[in-house]
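# Structural overview
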Amino acid sequence: MSAPIATLLDDETVNAVAAEVWSALVGEDEVLVPGDGPVADGRSAWVGVEGPWSGLVVLTCSASATDDLTRAVLQLAPAEELADEDVDDVLRELANILGGNVKSLLPGPSTLGLPQTGTPPQPGTDVRPVGATWRGHPLTITVQGATEAPVHHPTTEVTP
Amino acid sequence: MKILVADDSRVMRQIVIRTLRQAGWDDVDVVEAVDGADALVKIAEEDPDLVLSDWNMPEMTGIDCLRELRARGSAVPFGFVTSEGSPEMRETAAEAGALFLIAKPFTADTFRDQLGSVLA
């Protein structure tokens, strides 16, 4: 079993990664303020890491943040309509890049999966949630260890 | 001048194209591909001067696309723009024939540094 995520990453490191991603993708002058969170009822995107440490990097944004975030990343005018697919795509890409950068700080070699949106798997005990605020919107970046898959007990078919 | 941008994310293709423009290549023709398999087809059709490809994509990954291109005898200049840039990935990319690997997040300066000599 690998070391727990709490001993591999600290909040400052996750915040530094997120700040760099935000500055490059959301906007050069966009500031991610550490603290706040967790987001109780938001939209999530995540990406899996598999290697000596396996788990997920999950980005959860408050409902109020997702539209602003998509507009900022795509540099859309306020009057332009947002496609739902673009909102998911932006969240997936942010999670993907956050995951790739977090992965590079963890013991390797490891591989990164394809990003997804929806309801992420529930975290177990190996979890580091890092809260932040962007333009007043709360968001959370959660690095969570893989929870064990449920044990499957095959049944034996008895033929008469 | 023509550049093919392969990424399964439409948003990321848009950001790559925007960064190309910001880096000074505002008059290049851009062809978009949604994964490695689509890139293979469009590279054969469009004969681009450079391919900028994501690594992790459904259907066919960027590295498999590059290997297939080289196996077919194509020498098209190829670089990765991907969300991770571990030493192992950089080595794998170089061995397969990639000219560079740009890790996301990137800036227009990164593009100028890496693409400058290829598109000179």
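Given the structure is predicted, the values throughout are model-derived calculations rather than measurements.

### Focus on the interface of chain A and chain B
On the chain B side, the residues contacting the 21 residues of chain A number 17 residues. Taken together, the elements giving at least two residues each to the side of chain A that touches chain B come down to helix H2 (11-26), helix H3 (63-74) and helix H4 (84-103) of chain A.

### As for the pairing of strand S7 (residues 137-145) of chain A
Residues in a regular strand project their side chains so that they alternate between the two faces of the sheet. All names here are of chain A. The buried fraction of S7 amounts to eight of the nine residues, a majority that puts the element mostly inside the structure. Bridge count for strand S3 (residues 55-62) against S7 is seven bridges, and the pairing is antiparallel. Pairing of Val58 across the sheet is with Thr142, part of S7. Sheet analysis places strand S6 (residues 127-134) next to S7, joined by eight bridges and oriented antiparallel. The residue of S7 that forms the bridge with Thr133 is Pro138. Where S6 folds back onto S7 in an antiparallel hairpin, the turn is made up of two residues, including Arg135, whose phi is positive at roughly 50 degrees.

### Here we look at the confidence of the model for chain A
On average, chain A scores 85 in pLDDT, and the residues at 70 or more come to 90%. Under a pLDDT of 50 for its full length, residues 149-160 of chain A has, in the predicted model, zero contacts with residues more than four places off or in other chains.

### A word on unusual backbone geometry
Cis peptide bonds are those with omega within 30 degrees of zero, and the linkage from A:Gly108 to A:Pro109 qualifies with 0 degrees. Following B:Lys104, the chain continues into B:Pro105 via a peptide bond in cis, with omega recorded as 0 degrees. Its location among the elements puts B:Pro105 in the loop between strand S5 (100-103) and helix H5 (108-115). A positive phi is found at A:Gln75, a non-glycine position, where the angle reads about 55 degrees. Residue classification places A:Gln75 among the exposed positions, given that 11 C-beta atoms sit within 10 Å. At A:Arg135, a residue that is not glycine, the phi angle is positive and equals roughly 50 degrees.

### Comments concerning the nonpolar core
Nonpolar side chains in soluble globular proteins tend to be buried together. One finds A:Val57, A:Leu59, A:Leu94, A:Ala95 and A:Leu98 to be the most contacted residues of the largest nonpolar core, which totals 73 residues. Sort the elements by how many residues they give to this core and H4(A) lands first, with eight residues.

### Looking at the packing of H2(A) against H4(A)
Residue and element names in this part refer to chain A. At a minimum axis distance of 10 Å, the contact between H2 and H4 shows a crossing angle of 140 degrees. It follows that H2 is oblique to H4 by the angle criterion. When you trace H2 past H4, the crossing you get is right-handed. Touching Val17, Ala18, Val21 and Leu25 of H2 are Leu94, Ile97, Leu98, Asn101 and Val102, all from H4.

### A closer look at the sheet that holds strand S3 (residues 50-53) of chain B
Residue and element names in this part refer to chain B. Taking strand neighbours across the sheet as the criterion, the five strands line up as S2-S1-S3-S4-S5 in an open arrangement whose pairing is parallel. Of all the strands in the sheet, just strand S2 (29-33) and S5 have a single pairing partner and so form its edges. The sheet shows a mean angle of 20 degrees between the axes of neighbouring strands, taken without regard to direction. Here strand S4 (residues 78-82) runs beside S5; their pairing, made up of four bridges, is parallel. In the sheet register, Gly79 faces S5, and the bridge partner there is Phe100. Packed on one face of the sheet, helix H1 (residues 10-22) meets strand S1 (2-6), S2, S3 and S4 and runs near 150 degrees to S1. With respect to the sheet, helix H2 (residues 36-46) is in contact with S1, S2 and S3, its orientation differing from that of S1 by roughly 165 degrees.

Cut-offs applied
- Residues numbered from 1 in each chain as written.
- Chains lettered and ligands numbered in written order.
- Predicted model: local features only at pLDDT ≥ 70, side-chain atom pairs only at ≥ 80, totals over all residues.
- Contact = placed C-beta atoms within 7 Å.
- Helix = DSSP H or I, 4+ residues; strand = E, 2+ residues; numbered from the N terminus.
- Buried ≥ 20, exposed ≤ 12 C-beta atoms within 10 Å, placed from the backbone.
- Pairing = 2+ DSSP bridges.
- pLDDT = per-residue confidence, 0-100.
- Core = buried A, V, L, I, M, F, W, Y, C linked by C-beta atoms within 7 Å.
- Axes fitted to C-alpha atoms, helices over the stretch in contact; angles between N-to-C directions.
- Parallel < 35°, antiparallel > 145°, perpendicular 65-115°, else oblique.
- Left-handed = near helix turned anticlockwise from the far one by under 90°.

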